[in-house]
Amino acid sequence: MTPDKIIMLGTGNALVTHCFNTCFIIESNGRKLLVDAGGGNGILRQMEDAHVDFADIHDLFLTHAHTDHVMGAVWVVRKVTSLQSTGRYDDVLHIYGHERVLHILHLMCDLMLPKKFSSRIGQSVLLHEVTDGQQFEAAGMHLVCFDIQSTKEKQFGFTATLSDGRRVACLGDEPFSEHCRQYVEDADWLLSEAFCLHTDAERFHPYEKHHSTALDAGRLAQQLGAKRLLLYHTEDKTLETRKKTYTAEAKQEFHGMVVVPDDLEVIQL
């Protein structure tokens, strides 16, 4: 049996230039769930460098419609429909998201992709609208999605139950809302944004951008009873020291395992 893992395709925030925007693959029992797709065709390079074949991606979850999460999804649709048209992609691509993000993705595909590709939406590319608290199966996992109560752009997170029963909770890329506690408490893995170090808050201004620090994420993980904490959606000015310093700051508050991945890093679950 293939070990369950997370493949971090990107780890940065919206305006990074030295790493890719945050998106990743959760793989359980050999099946892969792509979560977001970054801000452009860099997703093609990240997938190639991660040695992941697009023909193996049949499920995509879009958290929200910010450019650094949804623009790359246009390229995913472009790539998959191209493979479908040449007989190199079996079955259907399922894309999950709330009504607004799916509407924006569909509109962008209609406006920007050749008709022979965009016309496959609704046929071999299926858009599935999800609602707050909805449960469904994707990539062999049981998902429960939830509205994170963003005040900027409607955004959903989710909890995925792996084939062995462990739970991976994705909080999206904004500060935690109590509305989500029922879905993410006591998770085996808590995936949280950490825009910068708390000690660098005056430099990067995370709170003005409605984001959190590594210290905040560590405190939250401890309060929620998480077993392990993974940090993403960071600035890219401190990449050489990010792993060490973010881990140390989060562990000031969190007593469990902290992972601060680099782009393309594989985390065994």
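Residues numbered from 1 in each chain as written. Predicted model: local features only at pLDDT ≥ 70, side-chain atom pairs only at ≥ 80, totals over all residues. Heavy atoms only, no water.

A word on unusual backbone geometry. A positive phi angle, near 75°, is found at Asp-91, a position not held by glycine. Secondary-structure assignment places Asp-91 in the loop between α2 (67–85) and β5 (93–97). With relative accessibility at 59%, the residue Asp-91 sits in the exposed group. One non-glycine residue, Gln-149, lies in positive phi territory at about 65°. Mapped onto the secondary structure, Gln-149 falls in the loop between β8 (141–147) and β9 (156–161). (Helix = DSSP H or I, 4+ residues; strand = E, 2+ residues; numbered from the N terminus. Buried < 20%, exposed > 50% of the residue type's maximum accessible area, 1.4 Å probe, protein only.)

Right, let's talk about the pattern of salt bridges for a bit. Pairs can form between side chains of opposite charge once their charged atoms are near each other. One pass over the structure, following the stated rule, counts 14 salt bridges. A salt bridge links Asp-216 to Arg-219; its shortest N-O distance comes to 3.4 Å. Note that Asp-216 and Arg-219 are positioned in helix α7 (residues 214–224) at a spacing of 3 residues, about one turn of the helix. A relative accessible area of 29% means that Arg-219 is categorised as partly exposed. (Salt bridge = Lys/Arg side-chain N within 4 Å of Asp/Glu carboxyl O.)

Let's shift gears to the packing of aromatic side chains. Within this structure, the stated rule accounts for 4 aromatic pairs. A ring pair is formed by Phe-61 and Phe-158, whose centres lie 4.9 Å apart and whose planes are at 55°; its orientation type is tilted. Within this pair, whereas Phe-61 is found in strand β4 (residues 57–61), its partner Phe-158 is found in strand β9, the two being separated by 97 residues in sequence. Take Phe-61: its relative accessible area is 0%, and that puts it in the buried class. Since its relative accessible area comes to 0%, Phe-158 is described here as buried. (Phe/Tyr/Trp six-rings, centres within 6.5 Å; stacked < 30°, edge-to-face > 60°.)

Turning our eyes to something else, we now look at the side chain of Thr-247. In this structure, Thr-247 sits in helix α8 (residues 239–250). Using a relative accessible area of 17% as the deciding quantity, one classes Thr-247 as buried. Not counting chain neighbours up to four residues away, the residues in contact with Thr-247 comprise Arg-242, Val-258 and Val-260. (Contact = heavy atoms within 4.5 Å.)

What follows deals with the packing of α2 against helix α3 (residues 99–112). Relative orientation and spacing of two packed helices are given, respectively, by the angle between their axes and the distance between those axes. Where α2 meets α3, the axes come as close as 10 Å, and the angle between the chain directions of the two elements is 55°. In this view, α2 runs oblique relative to α3, as classed from their interaxial angle. The interaxial crossing formed by α2 with α3 has right-handed handedness. In contact with Val-70, Met-71, Ala-73, Val-74 and Val-77 of α2, α3 contributes Val-101, Leu-105, Met-108, Cys-109 and Met-112. The residue inventory of the contact of α2 with α3, partitioned by class, reads 10 nonpolar, no polar and no charged. (Axes fitted to C-alpha atoms, helices over the stretch in contact; angles between N-to-C directions. Parallel < 35°, antiparallel > 145°, perpendicular 65-115°, else oblique. Left-handed = near helix turned anticlockwise from the far one by under 90°. Nonpolar A, V, L, I, M, F, W, Y, C, P; charged D, E, K, R; others polar.)

Read across the open sheet, the 7 strands follow the order β7-β8-β9-β10-β11-β12-β13; overall the sheet is mixed. Bordering the open sheet on either side are β7 (135–138) and β13 (257–259), each of which pairs with just one other strand. The average undirected angle you get between the axes of adjacent strands in this sheet is 20°. Across the sheet, α7 lies against β11 (189–193) and β12 (228–232), angled at about 150° from β12, the strand it touches most. (Pairing = 2+ DSSP bridges.)

For the rest of this paragraph, the subject is the nonpolar core. Judged by nonpolar contacts, the single largest core of 36 residues is most densely connected at Leu-9, Val-76 and Ile-95. Counting only elements with at least two residues in this core, the list comes to β1 (5–10), β2 (23–28), α1 (42–49), β4, α2, β5 and α3. The element best represented in this core is α2, accounting for 7 residues. Other than its neighbours up to four places away in sequence, Leu-9 contacts Phe-20, Cys-23, Phe-24, Ile-25, Leu-34, Ile-43, Gln-46, Met-47, Ala-50, Asp-263 and Leu-264. (Core = buried A, V, L, I, M, F, W, Y, C linked by side-chain atoms within 4.5 Å.)

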